[in-house]
Amino acid sequence: MTITDYVIDILLIAVVALQMRTRELTPRSALRPLVLVVIAGVNYLRAFSVGGNDLLLIVVFALVGVGIGTASAVATRVWRDDRGLVLVKAGLVAAALWVAGMGFRFAFAVYANTDAGLAVVTRLARHLDITGAQAWTTALVLMAFGEVLARITYLEIRRHRLLHAAAVTPAYGTAGAR
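Rules of the game
Residues numbered from 1 in each chain as written. Predicted model: local features only at pLDDT ≥ 70, side-chain atom pairs only at ≥ 80, totals over all residues. Heavy atoms only, no water. Pairing = 2+ DSSP bridges. Helix = DSSP H or I, 4+ residues; strand = E, 2+ residues; numbered from the N terminus. Phe/Tyr/Trp six-rings, centres within 6.5 Å; stacked < 30°, edge-to-face > 60°. Buried < 20%, exposed > 50% of the residue type's maximum accessible area, 1.4 Å probe, protein only. Axes fitted to C-alpha atoms, helices over the stretch in contact; angles between N-to-C directions. Parallel < 35°, antiparallel > 145°, perpendicular 65-115°, else oblique. Contact = heavy atoms within 4.5 Å. Nonpolar A, V, L, I, M, F, W, Y, C, P; charged D, E, K, R; others polar. Salt bridge = Lys/Arg side-chain N within 4 Å of Asp/Glu carboxyl O. Expected span 1.5 Å × (residues − 1). Bend = angle between axes of the 7 residues up to and from the residue.

Undergrad: I would appreciate a short explanation of the sheet that holds strand β1 (residues 23-24) in the present structure.
TA: By way of backbone hydrogen bonds, the strands of a sheet pair with one another, either parallel or antiparallel. In space, the three strands of this open sheet follow the order β1-β3-β2, with antiparallel pairing throughout. If you trace the sheet from one side to the other, it starts and ends with β1 and β2 (76-80), each paired once. As paired elements, β1 and strand β3 (residues 86-90) share two bridges and run antiparallel to each other. Directly across from R23, in β3, lies its bridge partner V88.

And the structure:
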């Protein structure tokens, strides 16, 4: 693993620290994790031939990422304050899910780059009929994409619903609203 690998993975895990503070939820707040997964994609996604169960591995990992990202977003508190701003705060469950997903990827990559890990992953690949290392890399990167995109999408849907609900809520206590 290169220093870039470590930096990207650690930053993706650390994003949760920012999510645990109450902050305004805006479309711009999605940029940091989105930029990180795009950088990961540029660095790691390469063409490869799909043989054996490579595609199944990639789809399963991507779906696991979507599941973790969605669960993390569901476990995140989203509300409007008295000024009408949409606020967000990840709790312990949301943070644990995020760290579990991103941490698994990081731990797998670190372990697979050791002699013992490489031997285990090679045996596992043979057993599962995975044809090459790029299938593992693609599966892990798409898992991160799934996690980030699912979380961002779910939180944006919740943000839009809160903003829309405020737009259609009648203003009680104003003249003519009796």
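Let's pick the thread back up.
Undergrad: How should I be thinking about the packing of aromatic side chains in this particular structure?
TA: Any aromatic ring pair is given by two values, namely how distant the centres are and how the planes are angled relative to each other. Counted according to the given criterion, the structure contains four aromatic pairs. Taking 6.4 Å as the distance between ring centres and 75° as the angle between the ring planes, the aromatic pair formed by F61 and W136 counts as edge-to-face. With F61 in helix α3 (residues 54-74) and W136 in helix α6 (residues 133-168), the pair connects residues that are 75 residues apart, well separated along the chain. Centre to centre, the rings of F104 and F108 are 6.1 Å apart; their planes meet at 40°, and the pair counts as tilted. Remark: F108 and F104 occur in helix α4 (residues 92-112); sequence separation between them is four residues, near one turn of the helix. F108 sits in the buried class, given a relative accessible area of 14%.

Undergrad: Even after reading the chapter, I still don't get the packing of helix α1 (residues 3-19) against α4, so can you show me in this structure?
TA: Between α1 and α4, the shortest axis-to-axis distance is 9 Å and the interhelical angle comes to 170°. When the interaxial angle is binned, α1 and α4 end up roughly antiparallel. Only A95, W98, V99, M102, G103, R105, F106 and V110 of α4 make contact with α1, whose side of the interface consists of Y6, D9, I10, L12, I13, V15, V16 and Q19. Each residue belonging to the contact of α1 with α4 can be placed in one class, and the counts come to twelve nonpolar, two polar and two charged.

Undergrad: Which parts of the structure should I look at to understand the pattern of salt bridges?
TA: Between side chains of opposite charge, pairing is possible as soon as their charged atoms come close. In the structure shown here, the tally under the stated rule is two salt bridges. With its nearest N and O atoms 2.8 Å apart, the salt bridge here joins R83 to D81. Of the charged contacts, one joins R159 and E156 as a salt bridge, the two residues approaching to 2.9 Å between their closest N and O atoms. Placement of both R159 and E156 in helix α6 is noted, with a separation of three residues, approximately one turn of the helix. For the pair formed by R159 and E156, the shared burial category is buried.

Undergrad: Explanation requested: α1 in the structure shown.
TA: Two residues of an α-helix separated by three or four positions point the same way, owing to the 3.6 residues in each turn. The end-to-end C-alpha distance of α1, which contains 17 residues, comes to 25 Å, matching closely the 24 Å that a straight helix rising 1.5 Å per residue would cover. Maximal helix bending in α1 amounts to about 30°, located at L12. For α1, the set of buried residues is D5, I8, D9, L12, I13, V15, V16 and Q19.

Undergrad: Explain the side chain of T76 to me, please; I cannot follow it from the model alone.
TA: Summarising the element assignment, T76 is placed in strand β2. Owing to a relative accessible area of 2%, T76 belongs among the buried residues under this scheme. In contact with T76, not counting residues within four places along its chain, are V88, K89, A90, A94, R151, L155 and R158.

Undergrad: What's the story with the pairing of β3 in this structure? I'm lost.
TA: Side chains on a regular strand alternate between the two faces of the sheet. In terms of residue burial, β3 counts as a mostly covered element, since four of its five residues are buried. Two strands pair when backbone bridges link them, and β2 and β3 are joined in this way by five bridges, in the antiparallel orientation. For W79, the partnering residue across the bridge sits in β3 and is L87. Counted along the chain from β2 to the antiparallel partner β3, the turn is five residues long, and its residue G84 has a positive phi close to 90°.

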